Amino acid sequence: MHAYSYSTIAWASATSKGVQPDVSYASIASTTSGSVLNFFGALGDVAFAYAGHNVVLEIQATIPSTPERPSKGPMWRGVIVAYLVVAVCYFPVALIGYWMFGNTVEDNILISLEKPTWLIAIANMFVVVHVIGSYQVGSFF
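The structure presented is a predicted model; accordingly, all values stated were derived computationally and were not measured.

Draft legend 1. Up close: the packing of aromatic side chains. Overall, the coordinates contain 2 aromatic pairs when judged by the stated rule. Taking 5.4 Å as the distance between ring centres and 55° as the angle between the ring planes, the aromatic pair formed by Y25 and Y98 counts as tilted. Here Y25, found in the loop between α1 (2-17) and α2 (32-49), pairs with Y98, found in helix α4 (residues 72-101); they are 73 residues apart in sequence, far enough to count as distant. Exposure remark for Y98: the relative accessible area of 35% places this residue in the partly exposed category. Between F39 and F40 the ring centres are 5.6 Å apart and the planes differ by 65°, which places this aromatic pair in the edge-to-face class.

Draft legend 2. Unusual backbone geometry, seen in detail. Backbone torsion omega between K115 and P116 reads 0°, so that peptide bond is classified as cis. Structurally, P116 is set in the loop between α5 (109-113) and α6 (117-139). Unusually for a residue other than glycine, D22 sits at a positive phi of about 55°. Among the secondary structure elements, D22 is positioned in the loop between α1 and α2. Here D22 falls in the exposed class, since its relative accessible area comes to 79%. Even without glycine at this site, E114 takes up a positive phi of about 65°.

Draft legend 3. Layout of the UniProt feature "transmembrane region" (unreviewed entry) in the protein. With numbering aligned to this structure, UniProt lists the feature "transmembrane region" (unreviewed entry) at residues 79-101 and 116-135. Across residues 79-101, helical content stands at 100% and strand content at 0%; the span's end C-alpha atoms are separated by 32 Å.

Cut-offs applied
- Residues numbered from 1 in each chain as written.
- Predicted model: local features only at pLDDT ≥ 70, side-chain atom pairs only at ≥ 80, totals over all residues.
- Heavy atoms only, no water.
- Phe/Tyr/Trp six-rings, centres within 6.5 Å; stacked < 30°, edge-to-face > 60°.
- Helix = DSSP H or I, 4+ residues; strand = E, 2+ residues; numbered from the N terminus.
- Buried < 20%, exposed > 50% of the residue type's maximum accessible area, 1.4 Å probe, protein only.
- UniProt positions renumbered as here; feature names shortened; annotations may be inferred.

Written out as structure tokens, the structure reads:
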């Protein structure tokens, strides 16, 4: 719920702010090596956005599994649903943020938004609650 709230605040606020004047969608890298490094950095960002893979194995290990009813089936459906939920949360933020701010968008889109500060504070509180809850789940494994 917190991820939905944070991401909705981020993309809805960016949409209401509109496309910024003189927005540029050009690459910020000036060299080939800079472009390659930016590409791999983007892949790393995507990998960390989907960083539930280590918890999934732990959960699967706790599900009873027999040859007649292997845990692979329910786990596969659960993984697909989990990845879809992450995609629904974060792809709109990435796409709309880039559309509105271009290559000047900050790593945290809330920094690019700047105002209204009260809404940004609420979104950051959702992030804090989300991270605290994730820490509690992750610390058990």
